[in-house]
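# Examining the three-dimensional arrangement
One-letter residues, chain by chain:
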Amino acid sequence: MAEQAWHEARLIPTSGINGAEEQERRATSALLAVLGAVREYGSDLLKPLGAPSGRIECFIEVPFVLGERKLFPDGLIRVSRGARSWVALVEVKTGSNELAAEQLENYLDVAREQGFEAVITISNEIPAVAGQHPTKIDKRKLKKVALHHLSWSQVLAEAVMQKEFRGVADPDQAWILGELIRYLEHERSGAMDMGDMGEAWTSVRDSVASGTLRPTDKGIASVVARFDALLRFTSLSLGKRLGAEVVPVLSRKEQADPTLRATALTQQLCSAGQLSGAIRIPDTVGHLVVTADLRAGHVTCHVDIDAPREGRPTTRVNWLVRQLKNAPESARVECFTAHSRGSSAAELLRTVRENPASLLTDPTKEVRTFRVATSMTLGSKRGRGRGAFIDSVLAAVNGFYAEVLGDLKAWSAAPPKLREPAPVETGGGEPTRPASLVSTDYSSQDGPTDEGPGSATPEGTGPDAVSDVVARSTAHSSSTDDSQYSSASPTADTSESEARVERLDA
């Protein structure tokens, strides 16, 4: 019998899952068990939620009494460090099931009565902004208990990054974490990727195409929130492959008030028929900007990169083109010059490769920034698969990073070279005066003669300045001595000195 037909035993099997209830129970038990078994993974996943570093204990379906009702949260996590303990209740949803506000508020009341620190929810819902909960909860319930949310995409991405990039010290624990990854990646686990753009997608898409969309239309808020969720899902997917923390870019005001971001996207969608956002990837030259144009039916990714600060304009263009060796010829390259609004020129990469000067409409202006962009057809379907909006955005982002952004490096100036002092030429003979009596030495002003107007080297500042000064000083001393003492011989000088000494003694 061929071994290819044998099925390898799995620690967390997907067989035997019948219904949503069984799916949620198995996903909860598998995740919480691995959190307690693999310390590195449990610590990295729970630390951002406020848990200390310590021993992790996990339980499922712990009963609590609230008033006259008996409640069974899906799980409970307790982290102990010394005398301190941190406890959180866990509520899990799989598949397309959404979190219920009433159920979460009951768990918040239980946590408050028991003195627990937090309630953690896990589902396939992806909030538009990191740290924001997808379910609207009475804020009065959150005064003493924190409410955190994790998407299954985030749970899976953290597991992959821990095993493949950060590492697990114990080989057996690494294998256990790998079994969790295999389970969550299986379609029957219920830990799905982002499935669709929501019920309002079709009507909003058609209104954009006809030019009749208004900010007050029903469903536009849902589509805008779904697009931001798609950016977060795209960031998690790309970060899982790169082993880096990839996150959407938001301003401080947008992070503090998510409605500002939603309002800006609503206005952009109504006026231009576009949805756009940026993604930050560590150690890249700039943000990856994604623009989905629903009217034109294409999605564009671009990045801005600063041009070199030295060299001729064509040299700066060639510097960029050399880095785009893997970029498609249909990529668009734009050039931005100093003191100008917008790009001064835009050409396809195939044209710029053949003629770099095609980007330079005015050679006298300094090139400051380049923009490289690629475009592809935008899907319009609500769900996943061929011709879907979500898949086309994912493909555009992954392709742009692989072909363009991953190859670009920022320009850096060459370090200054150390200038050696010019050697002093003394000639073949012995110096006529001691070196301590020479009044000049090497200066920072000594160097080659400049060729610019008005930059003639003054006398005595060239590379032979020291030897010239020594020669002139020696000649001057000789001529002075000859004029003063030409009528006196060495014998006369000696007798005259002796006579002066005798007079002083007298």
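Residues numbered from 1 in each chain as written. Predicted model: local features only at pLDDT ≥ 70, side-chain atom pairs only at ≥ 80, totals over all residues. Heavy atoms only, no water.

### Re the environment of Val 155
Its location among the elements puts Val 155 in helix 4 (residues 152-166). The spatial distance from the C-alpha of Val 155 to the C-alpha of Ile 181 is 9.4 Å, given a sequence separation of 26 residues. Residues within four places of Val 155 in sequence aside, it is in contact with Leu 31, Tyr 41, Ile 122, Leu 150 and Leu 184. (Helix = DSSP H or I, 4+ residues; strand = E, 2+ residues; numbered from the N terminus. Contact = heavy atoms within 4.5 Å.)

### Description of helix 9 (residues 258-272)
End to end, helix 9 covers 21 Å across 15 residues, agreeing with the expected 21 Å (1.5 Å per residue, within 8%). Looking only at helix 9, the buried set comprises Arg 261, Leu 265, Thr 266, Leu 269 and Cys 270. Angular distribution of buried residues about the axis of helix 9 spans 160°; they occupy a single face of the element. Within helix 9, the exposed residues directed more than 90 degrees away from the buried face are Gln 267 and Ser 271. Phi for Gly 273, located one or two positions after helix 9, is positive at around 70°. (Expected span 1.5 Å × (residues − 1). Buried < 20%, exposed > 50% of the residue type's maximum accessible area, 1.4 Å probe, protein only. Arc of directions from axis to C-beta.)

### Describing the packing of aromatic side chains
Applying the stated criterion across every chain yields a total of two aromatic pairs. The interplanar angle of 75° and the centroid separation of 5.9 Å between the aromatic rings of Phe 64 and Phe 116 together place this pair among those described as edge-to-face. You can see Phe 64 sitting in strand 2 (residues 64-66) and its partner Phe 116 sitting in the loop between helix 3 (101-114) and strand 6 (118-123), a full 52 residues away along the chain. A single burial state applies to Phe 64 and to Phe 116, both of which are buried. Here the aromatic rings of Trp 201 and Phe 389 are separated by 4.6 Å at their centres, their planes lie at 45°, and the arrangement is tilted. Of this pair, Trp 201 sits in helix 6 (residues 201-210) while Phe 389 sits in helix 12 (residues 389-403), and the two are 188 residues apart along the sequence. Each member of the pair, Trp 201 together with Phe 389, is buried. (Phe/Tyr/Trp six-rings, centres within 6.5 Å; stacked < 30°, edge-to-face > 60°.)

### Regarding the sheet that holds strand 4 (residues 75-81)
On the basis of which strands lie adjacent, the open sheet formed by five strands has the order 1-4-5-6-7 and mixed pairing. The sheet is open, and its two borders are formed by strand 1 (55-60) and strand 7 (146-151), each paired with just one other strand. Pairs of neighbouring strands in the sheet enclose a mean axial angle of 25°, with direction left out of account. In this structure, strand 6 lies alongside strand 7, joined through six bridges in parallel fashion. By the bridge assignment for strand 7, Val 119 is matched with Leu 147. Strands in contact with helix 3 are strand 5 (84-92), strand 6 and strand 7; relative to strand 5, the strand with the most contacts, it is inclined by about 165°. Of the strands in this sheet, strand 5, strand 6 and strand 7 are in contact with helix 4, which crosses strand 7 at around 70°. (Pairing = 2+ DSSP bridges. Axes fitted to C-alpha atoms, helices over the stretch in contact; angles between N-to-C directions.)

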